[in-house]
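Structure at a glance
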Amino acid sequence: MLTFLKLGGSLITDKRVENSYREAVAARVAAEVQSALAQSPDLRLLIGHGSGSFGHMVAKRYQTMQGVHTPEEWRGFAHVATVAAELNYLMARTLHAAGVPVWRFQPSASARSHDGVLVDMASDPIAHALNHGLVPLVYGDVALDDTRGGTIVSTETVFFYLARQLPVQRIFLLGEVDGVYDEAGTVISRITPATLPEVERAIGGSSGTDVTGGMETKVRDMVALTQAVPNLSIRIFNGNTSGLIEAALVGKEQPGTLICADDVPLDPRRD
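As the structure is a prediction and not an experimental result, all values here were calculated from the model.

Here's the deal with the packing of aromatic side chains
- Taken as a whole and assessed by the stated rule, the structure comprises four aromatic pairs.
- A ring pair is formed by Trp74 and Phe77, whose centres lie 5.0 Å apart and whose planes are at 70 degrees; its orientation type is edge-to-face. In this pair, Trp74 and Phe77 are both assigned in helix 4 (residues 71–97), three residues apart and thus about one turn of the helix distant.
- When the centroid spacing of 5.5 Å and the interplanar angle of 75 degrees are considered together, the rings of Phe172 and Phe237 count as edge-to-face. Of this pair, Phe172 sits in strand 9 (residues 168–175) while Phe237 sits in strand 11 (residues 233–238), and the two are 65 residues apart along the sequence.
- By relative accessible area, Phe172 is classed as buried at 1%.

With respect to the nonpolar core
- Of all hydrophobic cores here, the largest spans 40 residues; its most connected members are Leu5, Leu7, Val33 and Ile47.
- Leu46, Tyr161, Leu173 and Ile191 belong to the second-largest nonpolar core, a separate cluster that totals 38 residues.

Regarding unusual backbone geometry
- Non-glycine residue Asn19 carries a positive phi angle of around 55 degrees.
- Of note, Asn19 is situated in the loop between helix 1 (9–12) and helix 2 (23–39).
- Even without glycine at this site, Asp115 takes up a positive phi of about 50 degrees.
- Asp115 gets classed as partly exposed once you look at its relative accessible area, which sits at 41%.

Focus: the sheet that holds strand 5 (residues 117–120)
- In spatial order, the strands read 5-4-7-8; together these four strands make up an open sheet with mixed pairing. In the strand order of this sheet, the two ends are held by strand 5 and strand 8 (149–153), each with one partner. Sheet twist, expressed as the mean angle between neighbouring strand axes with direction ignored, is 50 degrees.
- Two strands pair when backbone bridges link them, and strand 4 (residues 112–114) and strand 7 (residues 141–145) are joined in this way by two bridges, in the parallel orientation. Across the sheet, Ser113 pairs through a bridge with Asp145, a residue of strand 7.

Brief notes about the confidence of the model for the protein
- Of all residues in the protein, 92% attain a pLDDT of 70 or more, and the chain-wide mean is 90.
- In this model residues 267–271 is a low-confidence stretch, pLDDT under 50, and it forms 12 contacts with partners more than four residues away in sequence or in other chains.

So, the packing of helix 3 (residues 52–62) against helix 4
- It is the contact of helix 3 with helix 4, at a shortest axis distance of 8 Å, that shows an interaxial angle of 175 degrees. One element, helix 3, and the other, helix 4, form an angle in the roughly antiparallel class. Within the contact between the two elements, helix 3 uses Phe54, Gly55, Val58, Ala59, Arg61 and Tyr62 and helix 4 uses Glu72, Glu73, Gly76, His79, Val80, Val83, Glu86, Leu87 and Leu90.
- Of the residues assigned to the contact of helix 3 with helix 4, the class counts are eight nonpolar, three polar and four charged.

Thoughts on the environment of Thr192
- Following the sequence through the fold, Thr192 ends up in the loop between strand 10 (190–191) and helix 7 (196–199).
- By relative accessible area, Thr192 is classed as buried at 6%.
- Here the alpha-carbon distance between Thr192 and Ala261, two residues 69 residues apart in the chain, equals 5.4 Å.
- With residues near it in sequence (within four places) discarded, Thr192 still touches Val223, Cys260, Ala261 and Asp262.

Re the pattern of salt bridges
- This model, assessed by the stated rule, comprises eight salt bridges.
- A salt bridge links Arg16 to Asp14, with the nearest nitrogen and oxygen atoms 3.3 Å apart.
- Its relative accessible area of 60% is what places Arg16 among the exposed residues.
- The partner of Glu18 in a salt bridge is Arg61, with the nearest N and O atoms 3.1 Å apart. On the criterion of sequence distance, the pair formed by Glu18 in the loop between helix 1 and helix 2 and Arg61 in helix 3 is long-range, its members being 43 residues apart.
- With a relative accessible area of 36%, Glu18 lands in the partly exposed category.
- Looking at Arg61, the relative accessible area reads 48%, which means it is partly exposed.

Side note on the environment of Thr241
- By the secondary structure assignment, Thr241 is in the loop between strand 11 and helix 9 (244–249).
- By relative accessible area, which is 34% here, Thr241 ends up partly exposed.
- Through-space distance from the C-alpha of Thr241 to that of Tyr181 is 17 Å; in sequence the pair is 60 residues apart.
- Beyond its immediate stretch of four places on either side in the chain, Thr241 contacts Arg28 and Glu32.

Rules of the game
Starting afresh in each chain, residues are numbered from 1 along the sequence in its written order. Whole-chain, interface and lining totals are the exception, using all residues; otherwise, since this is a predicted model, local features are given only for residues with pLDDT of at least 70 and side-chain atom pairs are given and counted only at 80 or more. Side-chain numbers come from the whole structure's heavy atoms, not from hydrogens or water. Classification of ring pairs uses Phe, Tyr and Trp, with its six-membered ring standing for Trp, and accepts pairs whose centres are within 6.5 Å; under 30 degrees between planes counts as stacked, over 60 as edge-to-face, and the remaining range as tilted. The helix and strand labels rest on DSSP assignments: H or I over at least four residues marks a helix, E over at least two residues marks a strand, and numbering proceeds from the N terminus. Each residue's exposure class comes from its accessible area (1.4 Å probe, protein chains only) as a fraction of the maximum for that residue type: buried when under 20%, exposed when over 50%, partly exposed otherwise. As used here, the term nonpolar core means buried Ala, Val, Leu, Ile, Met, Phe, Trp, Tyr and Cys residues forming a set that is joined through side-chain atoms within 4.5 Å. Between any two strands, at least two bridges found by DSSP are needed for them to pair. In this description, a line fitted to the C-alpha atoms serves as the axis of each element, helices being fitted only across the stretch in contact, and the angle between N-to-C directions of two axes falls anywhere from 0 to 180 degrees. Confidence per residue, as judged by the predictor, is encoded in pLDDT with a range of 0 to 100. Contacts are assigned to residue pairs that have any heavy atoms within 4.5 Å of one another. Orientation labels follow simple angle bins: below 35 degrees gives roughly parallel, above 145 gives roughly antiparallel, 65 to 115 gives roughly perpendicular, and whatever is left gives oblique. Residues are grouped as follows: nonpolar covers Ala, Val, Leu, Ile, Met, Phe, Trp, Tyr, Cys and Pro; charged covers Asp, Glu, Lys and Arg; every other residue, Gly included, is treated as polar. The rule for a salt bridge is simple: a side-chain nitrogen of Lys or Arg has to be within 4 Å of a carboxyl oxygen of Asp or Glu.

Listed below in structure tokens is the structure:
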């Protein structure tokens, strides 16, 4: 079973303090991932992470998301790429130390966008890594854009593209919240394309600096993805709850908010 696991920037960094890596949190996550892999020989895993306080603050400073044209903006583009890669190295080192057979993949090395939409990225090397039992590690990065010059591609954007290239069955999005909340502050158990309009008004942005959009953008993108990829289930849940990542990966828990197509039955065993 192929699962995409996204570690939110708010989980592995303090998004309010520039370049602040939460190493203890990352180490606990890495240990849970390794334990899940050891328990489930058929589990295939691709991990992605946000840029958090590394990439987002610099990207906001240069407005990289909106486009890259002037010499100063191109220098900012390179700066964003550098700090995003720094966080990726730290996360890879932490996963490696826990025994996870991680292999880093730099999205900007091959990514190409059209007006902010990722239209091409090398996926064959990632498929080979998965076929040989390795864990590819991608991340939010910059990308060349044939309309904007350059832009930002979030981890969700990368997942959205790769989900069409690889046979993914589950996507887990981990942050610091228990799921998607309704107006009363209760976790919404399930969101489908049919119910999305009812919950949109309760979906807010993220805390800290996030140039790629907060929860609203994530949910809308993931609902669209479940419409495009048959039998895909997506869960948003709290990565700070000790043991929950491991339990979800091995199928012992079905936490948070489930996002799926309208015709997918609410059966916890399918996760």
